[in-house]
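If you want the building blocks of each chain, they are given just below.
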Amino acid sequence: MSRNKLTLILSLTLSVLISSAQNSTQPKVHLKITFKSVEEFRKPLKNTLNYIFADGMIIDSVFCKKRKMNYVLEGKHLYKIVFSKPGYVSKHVVINSIEIPDNSKNKISLKADINLFKKTTKINVDFLEKEPVSIAYYNFLKKTLIWDYEYNRSVVEKIINASLKL
């Protein structure tokens, strides 16, 4: 075997090893989402179709026959997850996992209840197409991802105000 071929094979092997080592240190976020219906007083909502985007590119879609979705987000990305069901208003959340330290020793879990409500022409909630209902970010003091509850409260207030303008 020539020296050039051997060098090429060794450099390719080394690059694969480095790449796999880097991927093994990437954070994993375990999502646990429960879907509920607003009109049915937070009863379970089944048969949702959910889309997962990473850095603006769709990476997966998940059909949830039951009321729960368990999903693992891998790597440091800006995620957008869209929750939908025919006849209901879609909502989405943004999860920023970019700041999670490599080799984080804590298991990172993120839970949420997503309450969807039926579409109606009487309530204008078009802003939900552009604005997430909640945002999660890494909290360095707690060493985990947390939801921005203040932001979430402001979006819930917009939804309430839109429904009061009947």
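Further up the page is the structure itself.
Summarised in this report is the structure supplied together with it. Not measured: the values here are computed from a predicted model. (Residues numbered from 1 in each chain as written. Predicted model: local features only at pLDDT ≥ 70, side-chain atom pairs only at ≥ 80, totals over all residues. Heavy atoms only, no water.)

1. A look at a nonpolar patch on the surface
The grouping of Val-156, Ile-160 and Leu-164 at the surface amounts to a nonpolar patch, some 280 Å² of accessible area in total. Structurally, Ile-160 is set in helix 2 (residues 149–164). Overall, the relative accessible area of 45% leaves Ile-160 in the partly exposed class. (Patch = residues over 30% accessible without salt bridge, like charges linked within 9 Å, V, L, I, M, F, W, Y side chains within 5 Å. Areas by Shrake-Rupley, 256 points an atom, 1.4 Å probe, with all protein chains shown as cover. Salt bridge = Lys/Arg side-chain N within 4 Å of Asp/Glu carboxyl O. Helix = DSSP H or I, 4+ residues; strand = E, 2+ residues; numbered from the N terminus. Buried < 20%, exposed > 50% of the residue type's maximum accessible area, 1.4 Å probe, protein only.)

2. Overview of the pattern of salt bridges
The tally for this structure, following the rule as stated, stands at three salt bridges. For Asp-113, the salt bridge is made with Lys-36, and the minimal N-O distance between the two is 3.2 Å. Pair noted here: Asp-113 is in strand 8 (residues 108–116) and Lys-36 is in strand 1 (residues 28–37), with a separation of 77 residues, a long-range link. Assessed through its relative accessible area of 39%, Asp-113 is described here as partly exposed. The class for Lys-36 is buried, based on a relative accessible area of 15%.

3. What about the layout of surface pockets?
Roughly 490 Å³ of internal volume is contained in the largest pocket. In terms of residue count, the dominant contributor to the lining of the largest pocket is helix 2 (seven residues). Among the residues making up the lining of the largest pocket, the classes are represented as 13 nonpolar, four polar and four charged. Size it by volume and the second largest pocket reaches roughly 220 Å³. (1 Å grid on protein atoms, 1.4 Å probe; cavity = no way out; pocket = protein on both sides within 12 Å on 5 of 7 lines; lining within 4 Å. Points joined across faces, edges and corners; volume = space filled by probe spheres on them. Nonpolar A, V, L, I, M, F, W, Y, C, P; charged D, E, K, R; others polar.)

4. Describing the packing of aromatic side chains
Scanning all chains against the criterion turns up two aromatic pairs. When the ring of Tyr-138 is compared with that of Phe-140, the centres are 4.9 Å apart and the planes differ by 85°; the resulting orientation is edge-to-face. A cation over a ring is seen here: Lys-80 above Phe-53, with NZ or CZ 5.6 Å from the ring centre. Over the face of the ring belonging to Phe-127 we find Lys-158, whose NZ or CZ atom lies 5.6 Å from the ring centre. (Phe/Tyr/Trp six-rings, centres within 6.5 Å; stacked < 30°, edge-to-face > 60°. Lys NZ or Arg CZ within 6 Å of the ring centre and 35° of its normal.)

5. Structural notes on helix 2
An ideal rise of 1.5 Å per residue puts 22 Å on 16 residues; helix 2 measures up with 22 Å between its terminal C-alpha atoms. Taken as a whole, helix 2 has its buried residues at Val-155, Ile-159 and Ala-162. Summarising the axial view, the buried residues of helix 2 lie within an arc of 60°, below the 170-degree limit, and thus occupy one face. In helix 2, those exposed residues whose orientation departs by more than 90 degrees from the buried face are Tyr-149, Glu-150, Arg-153, Glu-157 and Leu-164. Residues of helix 2 that are buried make contact with strand 7 (91–96). (Expected span 1.5 Å × (residues − 1). Arc of directions from axis to C-beta. Contact = heavy atoms within 4.5 Å.)

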